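Commentary on secondary and tertiary structure
Residues per chain, in single letters:
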Amino acid sequence: MNGYLGKLLRVDLNQSRLWDEALNEDYARNYVGGSGLAARYLYNILDANTDPLGPENPLFFLTGPLVGTSMTSAGRYSVCARSPLTGIWGEANSGGFFGPELRYAGYDGVLITGKAEQPVWLSIVEGQAALHTAGDLWGSDIYATQTRLREALGDPKVRVACIGLAGENMVKLAGIANDHGRFSARTGLGAVMGSKNLKAIAARGTGKVPLYAPEEFRAVTNQILALYKEDFPAQSLRAYGTAGYVNLSHMLGDLPIRYFQLGEYAPADNLSGVDLAEKYLTRNTACHKCVIACGRETRSPTYNDSKVDGPEYETVGALGSLLMIFDLEAVIHAGHLCNLYGMDIISMGVTIGLACELFERGLLTTADTGGLEIRYGDAETVFRLIELTARCEGFGAVLAEGNAALAERAGVPELSATVNRLEVPMHEPRAYLGMAVTYALSPRGACHMEGDMFSLDLGQSNLEEVSLEPGDRHDNTIEKGRTAARLQAWRNLYNSLTLCQFENPGVRPLLAAINAATGWGLEAEDLMTLGKRIVNIKRLMNFKLGLTKANDRLPDLLLKPLKEGGSAGYVPDIPTLLAGAYAEFGWDPESGRPLGDLHL
Amino acid sequence: MAVKFPSDEWIKELSAQLNASESYAQAAATWEGDNIFVILPDADYPDTTYLYINLQHGKASDARQLSSLDEQKALFNTSAPFNTWRKVLEGRLDPIQGMFSGKLKLVGSLAQVQRTPKATYEMVKVAAQIDTDFGS
C-alpha cells in the first residue's frame, strides 16, 4: 500500500487493550488521510447519542500519505472526534514532527476509545505500543510533559502529543500540544483526550514510508523545494512569521478589533510581525522538512518569559487587537499562558472578548465574575482569566464552556462570535466576502483553515487548473460563492493529505508528488473530486449529528457593516454566496444535503 | 495630454503628483526608500526600461529614467513585464495581489513593505490617476 504504512493502532482504554488493524485501503483511496479519512471511519460510529466527553467518543489521530516523506511541509497530523465545544464534527491539525514520527514508529494513525481507570500515557516505539500510568505527570504543563516523556523513554528524539491542565479539566477550549508549543487547537479535542484519562502519546521510530516511485518522488519534491526560493509569501513568512500580515490585514480591514466592532484603529499597527521580529524574536522554528520556517520563538522580558512559542497572527489578533491590547509583550505572555495550559488561543481570546463586551454593556458585573472587572485593554485581567479558565475556577468555569455558551448565559446570543459554536478566527468575512462561505459551511464551525479566501484573493495562487484564481475580495456574487466552495474542497484535500497550507507548489507538482507516492495515477480534476467528497462526508456527518441547512449562517455581529477601515460598508450577501457554493458542491437547494455517489 | 509610459516624463509626472497628494503624504509618512521600477519587454514592448524615484517620508524627489541598473542603486527594485505594469496602472491588478502572485517581483526591504502597505497602495492610486499613454 504505497504512501501508507497500512496499519492503525487501536486502543481500548476501558480494557487497556492495544492491537493493530489493517488500514482500509478503499477508504484511503477515496478519502486520502487526515480528517477526510477519519470522517469516513467515524461516519459509521458517531451519532447524535455519542457523548463527546463519554468513553464512546472515538479520538482519532491520523496522518496523510505524504507525511514523513521528503515532501516539504508534509509534517502535519489531524485529530478528530465529536467536539465537546460544538457538538458536531471536531477536527484539528498541527505541524511539527509528531505526525512523521508516528509513521516512522509504524502507524498511519491511532484510534482511541474508552476511558482509562487512572490517568495513563501511551508509548509507540518501533511498532510496539504500551500504556503507562501517568502518575504525577497528570497536572504537568505541556512543556514539562514532553520533556519527562523523552526522559522516560531515554531518547531525545521522542515526539509527544499531550494535553495540559485545560485538557485534564475537560475545558471545552482545550487543545492537544506537540513539539513544544504547536497545537491541534480547535474544537476542544484536548478535553476529549482528558475525558479518556489519556495524558499523552509518545512516538519514536526509524521506519520509512513506502513509495510507489521513490526516484520520481524525490525529483518532484526537489523541484517543489526550488519553487520557494523566490516565492514572496514564503519569504515574508520566513522573515516575519504569520504576524507579518498584521499591517496589511489592518489596512484591508481583515484584522478584528474590539470584538469585531471596529474596522480600523491606529495602535493595531503596533502588533506588527516586523516589530515582533526586530524586538522579540529569538529564532525561527520549522516543521518537518519545511524550508519556510514561519514558526516564532520569542521572549517577553517584561513578563520574564525567555522562550515562548509564537505568537502567530491568530494570537496577535485574538489576544491583542480583539481585546484592545496593543502591547506585543503582553500578547506574547498571554499566548504563552494558553500554551502552558494547553488551550486554543482563538477560542480563548474570542470568549474573553465577549466577556469584555458584556461587561462594557453592563450585562456582566463583578457579581458574576467573582469581583473581576473585565475591561478591554486590561492585559493583567486577561492573564488571570486564562489561568482561571484552564483551572475551571470561579468565572473561569463559565469561560471554559466557550463563547456561545457565555452569550446564551447572558441572554444575548446575538452577541456570540461563533459559527456552529466554534469561535470565529481572526479574518473578517467583511474584508474577504468569500470567507463568509468558508465560515458558514466549514464542517467544524468557523474556521479559516477550511478555505483561506484571504490567501487566494491576496494573490497566493497558481491553481488556475482547478479554477481557483484571485478575485475582488468584495465581490458578493454567486461566482464568488462557487470559488469559495472550490477552495474549501481544495483545502479539505490539503487537510486530508495533512499538508501545510503555506506550501502551495501548484496543481501539477502536487499531483506528481501524490502519484509518485501512491501510484494512484490521478488527473488534476480528480483532486477536486476528492476534496468535494471529503467536504460532503463531513457534511453528512454533521447532518447525522443534528445540523441542518439552517445552520449555514454567520453570527449577526459579523453582518453589520463596519464604519471605518478597508472594509467599511461591506457585508456578505449570504443567500447569494451560499447559492453559489451549494451549486458548486451539488447540494440539494432545499435540504442542503449532498447528492451523488460518496463512495460510502 | 497623455504621458507615455514608460518614460522619463512619466516618472517625473508621478513624482509631481505624489508631492501634490495629501493622502500619499499621510500614508507614506514613515516610508524611507528609493525604488527602481524595471519594465521588462513583452509582446507589446520591446525594451527594458528603468525608472528611478526617491521616496522619503511622503515626498518624492530625483525622479528620472535610468540607462541601466549600474547608474543608480536603490533600496527596492520592482520588476514586471510591460503589460503587467499596465494592468497595475489601469487598476486591473491589485499591487499586493501582484506581489503575492509573483507577477510583480520585489527585491528589497520586506520590512518596509510589510510595515507600511498603505504607502504602496496610495502610490499606485496616484499613479493610476496619471493620464497615461501605453502606446496602443
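Here the structure is a predicted model, which is why all the values come from computation and not from measurement. Sequence order sets the numbering: in each chain, residues are counted from 1 along the sequence as written. Here every chain gets a letter starting at A, and every ligand a number starting at 1, in the order they are written. The predicted origin of the model limits local features to residues at a pLDDT of at least 70 and limits the giving and counting of side-chain atom pairs to 80 or more, whereas totals for whole chains, interfaces and linings rest on all residues. Side-chain calculation: all heavy atoms of the structure are included, whereas hydrogens and water are not.

**What to know about the overall build of chain A**
Think of it this way: any DSSP run of H or I at least four residues long counts as a helix, any run of E at least two long counts as a strand, and we number them from the N terminus. On a plain count of helices and strands, chain A comes out with 23 helices and 17 strands. Radius of gyration means the value over C-alpha atoms here, while the globule rule gives 2.2 Å times the residue count to the 0.38 power. Against the 2.2 N^0.38 benchmark of 25 Å for 600 residues, chain A shows a C-alpha radius of gyration of 22 Å, consistent with a compact globule. Here chain A holds 600 residues, and the buried ones make up 67% of them. When the accessible surface of chain A is summed, it comes to about 18,700 Å², and 47% of that surface belongs to carbon and sulfur atoms. Note on exposure labels: buried denotes an accessible area under 20% of the residue type's maximum, exposed denotes more than 50%, and partly exposed covers the range between, all computed with a 1.4 Å probe on protein chains only. With residues, only the protein chains shown are counted as cover, and all accessible areas are computed by Shrake-Rupley using a 1.4 Å probe.

**A short note on the interface of chain A and chain B**
Should any heavy atoms of two residues lie within 4.5 Å, those residues are considered in contact. With 23 residues of chain A in contact, the opposing surface of chain B contributes 14 residues. The term salt bridge refers to a pairing of a side-chain nitrogen on Lys or Arg with a carboxyl oxygen on Asp or Glu at a separation within 4 Å. Taken together, the links from chain A to chain B amount to three salt bridges. Between R115 of chain B and E278 of chain A there is a salt bridge whose closest N-O contact spans 2.7 Å. Two N or O atoms form a polar contact when they lie within 3.5 Å of each other; inside protein one atom must be a possible hydrogen donor and the other a possible acceptor, and for residues adjacent in sequence the pair counts only when both atoms belong to side chains. Applying the counting criterion to the chain A and chain B interface returns nine residue pairs in polar contact (both at pLDDT 80 or more). Considering every element that reaches the side of chain A that touches chain B, the biggest residue donor is helix α8 (residues 232-240) of chain A, with six residues.

**Examining the sheet that holds strand β9 (residues 159-162) of chain A**
Residues and elements named next belong to chain A. For two strands to be treated as a pair, DSSP must find no fewer than two bridges joining them. If you walk across this open sheet you meet the six strands as β8-β7-β12-β9-β10-β11, and the pairing is mixed. A strand with exactly one partner marks an edge of an open sheet, and here the two such strands are β8 (128-133) and β11 (182-184). Looking at each pair of strands side by side, their axes are set apart by 20° on average, direction ignored. Pairing between β9 and strand β12 (residues 198-204): four bridges, direction antiparallel. The partner of R159 across the bridge, within β12, is A203. The convention used is that axes are lines fitted to C-alpha atoms, helices contributing only their stretch in contact, and that angles between N-to-C directions extend from 0 to 180 degrees.

**Points about the pairing of β9 of chain A**
Looking along a regular strand, one sees the side chains alternate between the two faces of the sheet. Bridge analysis of β9 of chain A against strand β10 (residues 176-178) of chain A gives two bridges, and the strand direction is antiparallel. In the strand pairing of β10 of chain A, C162 of chain A is matched with A177 of chain A.

**Digging into the nonpolar core**
Here, nonpolar core refers to any group of buried Ala, Val, Leu, Ile, Met, Phe, Trp, Tyr and Cys residues whose side-chain atoms link them within 4.5 Å. One finds L66, F260, I386 and W490 of chain A together with W10 and L14 of chain B to be the most contacted residues of the largest nonpolar core, which totals 206 residues. Discounting residues that sit within four places of it in the chain, W10 of chain B has contacts with V3, K4, F5, L51, L89, A127, I130 and T132 of chain B. Judged by nonpolar contacts, the second largest core, of 28 residues, contains V11, A92, V192 and L198 of chain A.

**So, the sheet that holds strand β3 (residues 49-56) of chain B**
Residues and elements named next belong to chain B. Strand order in this open sheet of five strands is β4-β3-β2-β5-β6, and the pairing throughout is mixed. Sheet topology places β4 (59-66) and β6 (105-107) at the edges, where each strand pairs with a single neighbour. Mean inter-strand twist for the sheet, computed between neighbouring axes without regard to direction, equals 15°. As judged from the six bridges shared by β3 and β4, these two strands associate in the antiparallel manner. Looking at β4, one finds that L51 is bridged to Q65.

**Some remarks on the domain arrangement of chain A**
Residue and element names in this part refer to chain A. All domain edges in this entry derive from an automatic or database-based domain assignment. In terms of domains, chain A is made up of domain 1 (7-204), domain 2 (241-418) and domain 3 (430-553 + 570-585). Once you take the C-alpha centre of each, domain 1 and domain 3 turn out to be 26 Å apart. In this description, buried area is defined as the sum, over both parts, of the accessible area (probe of 1.4 Å) that is lost when the two are combined. Between domain 1 and domain 3, the buried area comes to about 3,100 Å², and carbon and sulfur atoms account for 66% of it. The largest share of the area that domain 1 buries against domain 3 comes from R29, Y43 and I88, three residues that together contribute 20% of it. Counting the contacts that link domain 1 with domain 3 gives 15 residue pairs in polar contact (both at pLDDT 80 or more). Those elements that provide at least two residues to the side of domain 1 that touches domain 3 are α1 (25-31), α2 (34-43), β4 (77-82) and β5 (89-94). For the side of domain 1 that touches domain 3, the element with the most residues is α2, which contributes seven residues. When residue character is reported, Ala, Val, Leu, Ile, Met, Phe, Trp, Tyr, Cys and Pro are called nonpolar, Asp, Glu, Lys and Arg charged, and the others, Gly included, polar. Looking at side-chain class alone, the side of domain 1 that touches domain 3 contains 18 nonpolar, 16 polar and seven charged residues.

**Brief notes about the packing of aromatic side chains**
Geometry of an aromatic ring pair is reported as the spacing of the ring centres plus the angle between the planes. Residues and elements named next belong to chain A. Note on ring pairs: Phe, Tyr and Trp rings are taken, using the six-membered ring of Trp, and paired if centres are within 6.5 Å. Classes follow the plane angle, with under 30 degrees stacked, over 60 edge-to-face and the rest tilted. On inspection of all chains with the given rule, the structure shows 22 aromatic pairs over all chains. Plain terms: the ring middles of Y27 and Y41 are 5.0 Å apart, the flat faces sit at 85° to each other, and that makes the pair edge-to-face. A residue pair is termed long-range when its members are at least 10 positions apart, and Y27 in helix α1 and Y41 in helix α2 qualify at 14 residues. Across this residue pair, the class does not change: Y27 and Y41 are buried. Seen from their ring centres, Y303 and F383 are 5.1 Å apart, and the 80° between their planes marks the pair as edge-to-face. Here the residue Y303 occupies a position in the loop between β14 (295-300) and β15 (305-309), and F383 occupies one in helix α15 (residues 379-391), the gap between them amounting to 80 residues. One exposure class covers both Y303 and F383, and it is buried.

**Comments concerning helix α7 (residues 214-227) of chain A**
Residues and elements named next belong to chain A. What a helix is expected to span follows from its residue count: subtract one and scale by 1.5 Å. In this model α7 runs 20 Å from its N-terminal to its C-terminal C-alpha over 14 residues, within 8% of the 20 Å that 1.5 Å per residue would give. Taken together, the buried positions of α7 are occupied by F217, V220, T221 and I224. Taken around the axis of α7, the buried residues stretch over an arc of 100°, which confines them to a single face. The arc in question is traced by the directions running from the helix axis to the C-beta atoms.

**Here's the deal with the pairing of β5 of chain A**
Most of β5 of chain A is tucked away, with six of its six residues classed as buried. Between β4 of chain A and β5 of chain A, which pair antiparallel in sequence order, lie six residues; one of them, G87 of chain A, sits at a positive phi of approximately 80°.

**A closer look at unusual backbone geometry**
Residue P311 of chain A is reached from G310 of chain A by a cis peptide bond, and omega for that bond is 5°. Note that P311 of chain A resides in the loop between β15 and α11 (313-318). With an omega of -5°, the peptide bond between F5 of chain B and P6 of chain B qualifies as cis. For P6 of chain B, the location among the structural elements is in the loop between β1 (3-4) and α1 (8-20). Notably, M324 of chain A is not glycine yet its phi reads approximately 60°, a positive angle. Residue classification places M324 of chain A among the buried positions, given a relative accessible area of 13%. Unlike most non-glycine residues, N420 of chain A shows phi in positive territory, near 50°. When you line up the elements, N420 of chain A lands in the loop between β16 (418-419) and β17 (422-423). Residue N420 of chain A is classed as buried on the basis of its relative accessible area, which comes to 13%.

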